[in-house]
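Structural overview
One-letter residues, chain by chain:
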Amino acid sequence: MPHIPLPDHLPGITGLLEYRLDTAEPIRNLTQLLLRGESTLSEGERELIAALVSSRNCTNFCNAAHTKAADLLLGEPETALAVKADIETAPVSEKMKALLQIAALTQQSGRAVSTEAIARAKAAGASDREIHDTVLIAALFCLYNKYVDGLATVTPTDPAYYQLLGERITGRGYVRPPGGYPTPVK
Amino acid sequence: MPHIQLNNDAPGIRSLVLYRPDTGQPLYELAQALLRAGSPGSTLVDAERELIAAYVSSRNCTDFCQNSHAAAARFLYGDNQSIVDQVLTDVDTASLSPKMKALLSIAEHVQTDARTVSTELVETARQYGATDGDVHDTVLIAASFCMYNRYVDGLATLTPADPAAYMAMGERMGTLGYVIPQSGRTNQA
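Thresholds, definitions, all that
Residues numbered from 1 in each chain as written. Chains lettered and ligands numbered in written order. Predicted model: local features only at pLDDT ≥ 70, side-chain atom pairs only at ≥ 80, totals over all residues. Heavy atoms only, no water. Helix = DSSP H or I, 4+ residues; strand = E, 2+ residues; numbered from the N terminus. Buried < 20%, exposed > 50% of the residue type's maximum accessible area, 1.4 Å probe, protein only. Contact = heavy atoms within 4.5 Å. Areas by Shrake-Rupley, 256 points an atom, 1.4 Å probe, with all protein chains shown as cover. Lys, Arg positive; Asp, Glu negative; His and termini not counted. Charge placed at Lys NZ, Arg CZ, Asp CG, Glu CD. Rg over C-alpha atoms; globule rule 2.2 N^0.38 Å. UniProt positions renumbered as here; feature names shortened; annotations may be inferred. Buried area = accessible area lost by both parts, 1.4 Å probe. Salt bridge = Lys/Arg side-chain N within 4 Å of Asp/Glu carboxyl O. Polar contact = N/O pair within 3.5 Å; in protein donor to acceptor, adjacent residues only side chain to side chain. Axes fitted to C-alpha atoms, helices over the stretch in contact; angles between N-to-C directions. Parallel < 35°, antiparallel > 145°, perpendicular 65-115°, else oblique. Left-handed = near helix turned anticlockwise from the far one by under 90°. Nonpolar A, V, L, I, M, F, W, Y, C, P; charged D, E, K, R; others polar. Phe/Tyr/Trp six-rings, centres within 6.5 Å; stacked < 30°, edge-to-face > 60°.

This brings us to the overall build of chain A. Assigned secondary structure in chain A consists of nine helices and zero strands. Counted from the first residue to the last, chain A has its helices and strands arranged as α-α-α-α-α-α-α-α-α. With 186 residues in all, chain A has 58% of them scored as buried. Nonlocal contacts in chain A, meaning residues at least 24 apart in sequence, comprise 69% of its contacts between residues at least 6 apart. When the accessible area of chain A is evaluated, it comes to approximately 7,500 Å², of which 56% is carbon and sulfur surface. Taking the average location of the 18 positive side-chain charges in chain A and that of its 21 negative ones, the two points are 4 Å from each other.

Bringing the overall build of chain B into the picture now. Of the regular secondary structure elements, chain B holds nine helices and zero strands. Listed by position from the N terminus, the elements making up chain B come as α-α-α-α-α-α-α-α-α. Here chain B has a C-alpha radius of gyration of 16 Å; the compact-globule value for 189 residues is 16 Å, and the two agree. Considering only C-alpha atoms, chain B reaches an extent of 50 × 35 × 30 Å along its principal axes.

This next bit is on the UniProt feature "domain: Carboxymuconolactone decarboxylase-like" (unreviewed entry) in chain B. Listed under "domain: Carboxymuconolactone decarboxylase-like" (unreviewed entry) in the UniProt record, and renumbered for this structure, are residues 26-108 of chain B. In residues 26-108 of chain B, the share of helix is 71% and the share of strand is 0%. The end C-alpha atoms are 25 Å apart.

Once that is clear, we can look at the interface of chain A and chain B. Counting residues at the interface gives 43 residues for chain A and 46 residues for chain B. When residues of chain A are sorted by the area they lose upon contact with chain B, His3(A), Arg20(A) and Lys146(A) head the list and together hold 19% of the total. Our count for the chain A to chain B interface comes out at two salt bridges. With a closest N to O distance of 3.3 Å, Asp137(B) and Arg20(A) form a salt bridge. Remark: the boundary between chain A and chain B carries 17 residue pairs in polar contact (both at pLDDT 80 or more).

All names here are of chain A. Contact geometry for helix H3 (residues 43-56) and helix H8 (residues 128-150): axes closest at 9 Å, N-to-C directions at 45°. Taken together, the axis directions place H3 and H8 in an arrangement best described as oblique. The way H3 lies across H8 gives a crossing that is right-handed. Here H3 contributes Arg46, Ile49, Ala50, Val53 and Ser54 to the contact with H8, which in turn contributes Thr134, Ile137, Ala138, Phe141, Cys142 and Asn145.

Before going further, it helps to examine the environment of Ala103(A). Residue and element names in this part refer to chain A. Considering the arrangement of structural elements, one finds Ala103 in helix H6 (residues 94-108). Residue classification places Ala103 among the buried positions, given a relative accessible area of 0%. Spatially, the C-alpha atoms of Ala103 and Pro2 are 29 Å apart, while their sequence positions differ by 101 residues. Not counting residues within four places of it along the chain, the set of residues in contact with Ala103 comprises Ile49, Leu52, Val53, Thr134 and Ala138.

Bringing the packing of helix H1 (residues 12-19) of chain A against H8(A) into the picture now. The packing of two helices is summarised by the inter-axis angle and the distance between the axes. All names here are of chain A. H8 packs onto H1 with a crossing angle of 90° between their chain directions and a minimal axis gap of 9 Å. Comparing their axes, H8 and H1 come out roughly perpendicular. Two secondary-structure elements touch here, H1 through Gly12, Ile13 and Leu16 and H8 through Tyr144, Tyr147 and Val148. Within the contact of H1 with H8, the residues separate by chemical class into five nonpolar, one polar and no charged.

Moving on, we come to the side chain of Lys99(B). Residue and element names in this part refer to chain B. Along the chain, the position of Lys99 falls in helix H6 (residues 98-113). The side chain of Lys99 is buried and forms no salt bridge, while Asp134, the nearest opposite charge, is found at 4.2 Å. A distance of 2.6 Å separates polar atoms of two side chains, one belonging to Lys99 and the other to Thr43. Leave out the neighbours within four places in its chain, and Lys99 touches Thr43, Tyr128, Gly129, Ala130 and Asp134.

Quick look at the packing of aromatic side chains now. Ring pairs (aromatic) are described by centroid distance and by the angle formed between their planes. Residues and elements named next belong to chain A. In this structure the tally under the stated criterion is six aromatic pairs over all chains. Ring geometry for Tyr161 and Tyr162: centres 5.2 Å apart, planes at 90°, overall edge-to-face. The pair Tyr161 / Tyr162 is uniform in exposure class, with both members buried. Following the ring pairs from residue to residue traces out a cluster consisting of Phe61, Tyr161 and Tyr162.

Here is the structure:
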């Protein structure tokens, strides 16, 4: 049960983003820019970073949601699964492996991101902007994961929920719909 | 030296928002909402919000964020500014209300592993007068500073060593709040 009263029909992050709108708006805008804005990383690659960090933080809600988003964007469910199990053997480019390792280090601590990890990404062709965005996406998902877990929000167990959520965040994206999410009429 | 070419010589978060202003805008808006406003029903004052930010940054060993938010908290606490250094040294012995100690304990658990924020911790905070809004805002401030700290450290941004630099930052943060920087001058933060 959540530590504060949240609407029953809005599990995980969804209820928190309706609890306090003035903080939710910049969080949503930042996410939309980073995950859906202009970038040389594909939307699928950026969702892989979100899924990896959420998996390392053991935040089941965010892990399931962003894994589903990555699966929908990449058109197959194997890559996200493989990245979360072992970055080095996953079917992604050397550049993505290096960026995912930077994300994994950022998840542990910003201070853990080493000169070697950065040099590997640069040698594999990663741009400064890609490195910047990788660190900020990983940091942002530490915020989300800690927000969702710290208030003990509800994590649905039905895969159908994440299918719908995955379609929403790959379709409409991370912006709030006009009027929000009213309580469904019984 | 920063891990990437930031094309400015500003310190900490300022160098990053000058590098990418479009993501900097919501990052500064979030800081302003978290630290200068509150959930309906929250009893936390700005000084207490800055104290949570400084405390989490100190636990993440992010010197830039710790020093700047500690300076802002000292400025806002005014005559009671010694509270800030007491908290950064040892929360248990700090002359702080039991409610704030309970909320800082929640913040500490968010920083370490948010799954460990227990019903007991939250109940203790409530017994000392914390509201739902206080619990929410404490968790979100702590989670947000786990983001800011990682962003600042993960790209190895510049951290001024001179305490006077932070005093000026703290006064500006305490009076003007969080206004996105427009230039890379090193004497600003």
